Each structure stands twice: as C-alpha cells, then as structure tokens.
Amino acid sequence: MDNISNLTISLINSDLTSKSMRAGYIYFLYRYINRSECIHEDEIELIKQNAKIFKIKIADYNEEQLEEILRKYQKQSRKSVYSNSDNTRQKSQKVDTKKENEESEIKRLNKIITDLRQKGKQAVASRDEWRRRAEIAEAGIAEREQNQQSENKENNFKQVKKMFSKMYHPDSLTGDKFEKLIKQEIFKEFWQVIESIEKDNT
C-alpha cells in the first residue's frame, strides 16, 4: 500500500469527511488502485491538501482492509458519481434549452419589431394620402358652395357632410385596424371644419 492509498482511506474513514466528499474519495481510490482511468496530478494534490486542511492522521492499511473499504463503499460511490454526472448533464441540457429559447424569443421579437415598423410606414403613407384626399374634398366643397345658388348651398353641404360622415365617422368605419385609425384621425381633424362651415352658412 503506498502513501496516497493510505491517505485516501484515512480521509474516507475520517468523521470530518462529508458524504459527498467521501463518495469522491472512494471514486478516486477505486480508479487509483485499478488504474482504470487516468489519474491527474491535481487530483492527488487535492487529496494531500484536504488531508492537511482536516489534519488527517494517516494510518497504515493493508490489502484486505482496502478491499473491505472498496466493497463497502463502491456501490454507494458509483451511484453518487453517476448521479452527479446525470445532474451535470441535465443542467447542461437545461442551459442549452434556455439559450435556444432565448435566441428563439429574440428572433420572434425582432420579427415583430420589423413588422410593426413596416406597418407604421404604411400607416403614415396611408394617413397622408387620406389627408390629401380630405383636403381636395374640402377644397371641392368650398368651390362648389361658391358656384351654387344660395338655396342649394345648404342642401349640398348637408349631402357632403352626410357623405363625409358615412366615409369617416367612427361608427361606420371599414377596413383594417390601421385604416380605421387613420380615418378616425381624419374625422377628428375635419369634422370641426365642416361644422364651422355649416355654422357660418346658417
């Protein structure tokens, strides 16, 4: 039995060693004795440092005691190691899933922003067009009033007002959400003008 084996068994048997630490020491001892896996220098250094930290008194164990230790803890050690490995794998999978979800959400939000910007541009263009049409209609109304006889002015104006109301009044709007919104704004802007014209002619 070499010094590292005795030191590791002493750590395993120490009352200062927690359950999770003991499982790690047992797994290390199993690999160290069987040489089934590569043992890194930093693992050995960690064993030595822990022995110093816990002030472990190193006992001299024989081969029979070593086999008894391994038989006693081998099953528990493997379960602990596999469990830790599974937990690590699950955590890694959760991180990957979370990252994928975040990336997917960012793409979705970027698409929404792009769509809203495009619809905003369309809404502005449509609003300007409706405003231009309203100004033309208003100018046509004024010109028609000047050319018609006084007895026909009131009737014609009411007809235009009714037509304008039918086209732009919030209660009779058609079209999609943005078109309705634009028509509502046009109605707010020009309804007062129409009422003012009607008042001046009465």
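Given the structure is predicted, the values throughout are model-derived calculations rather than measurements. In this numbering scheme, every chain counts its residues from 1 along its sequence in written order. pLDDT decides what is reported in this predicted model: residues at 70 or higher carry local features, side-chain atom pairs at 80 or more are listed and counted, and totals for whole chains, interfaces and linings draw on all residues regardless. Excluding hydrogens and water, the side-chain figures rest on all heavy atoms present in the structure.

Undergrad: I would appreciate a short explanation of helix α1 (residues 3-13) in the present structure.
TA: Helical periodicity: at 3.6 residues per turn, an α-helix aligns residues three or four positions apart in one direction. Most of α1 is tucked away: nine of the eleven residues are buried. Buried means the residue's accessible area, taken with a 1.4 Å probe over protein chains only, is under 20% of the maximum for its type, while exposed means over 50%, and partly exposed covers the values in between. Going along the chain from the N terminus, every DSSP run of H or I of four or more residues is numbered as a helix, and every run of E of two or more is numbered as a strand. The set of residues buried in α1 consists of Ile4, Ser5, Asn6, Leu7, Thr8, Ile9, Ser10, Leu11 and Ile12.

Undergrad: Help me understand helix α2 (residues 19-34), please; the structure alone is not making it clear to me.
TA: In this analysis, the expected span of each helix is defined as 1.5 Å times one less than the number of residues it contains. Taking 1.5 Å per residue, 16 residues should reach 22 Å; α2 reaches 23 Å between its end C-alpha atoms and fits that length. Every buried residue of α2 is listed here: Arg22, Ala23, Tyr25, Ile26, Phe28, Leu29, Arg31 and Tyr32. Arg35 lies just past α2 and shows a positive phi near 55 degrees.

Undergrad: Can you walk me through the side chain of Ser5 in this structure?
TA: For Ser5, the position within the fold is in helix α1. Ser5 gets classed as buried once you look at its relative accessible area, which sits at 2%.

Undergrad: Would you explain the pattern of salt bridges in this entry?
TA: Note on pairing: side chains with opposite charge can pair once their charged atoms come close. The salt bridge criterion pairs a side-chain nitrogen of Lys or Arg with a carboxyl oxygen of Asp or Glu, the two atoms within 4 Å. Applying the stated criterion to the full structure yields eight salt bridges. We note a salt bridge from Glu43 to Arg31, for which the minimum N-O separation is 2.4 Å. Here Glu43, found in helix α3 (residues 41-53), pairs with Arg31, found in helix α2; they are twelve residues apart in sequence, far enough to count as distant. Two residues, Asp128 and Arg127, come together in a salt bridge whose shortest N-O distance is 3.5 Å. Residue class for Asp128 comes out partly exposed when judged on its relative accessible area of 37%. Under the relative-accessibility criterion, Arg127 is labelled partly exposed at 33%. It is possible to trace a salt-bridge network through shared partners that takes in Glu129, Arg132 and Arg133.

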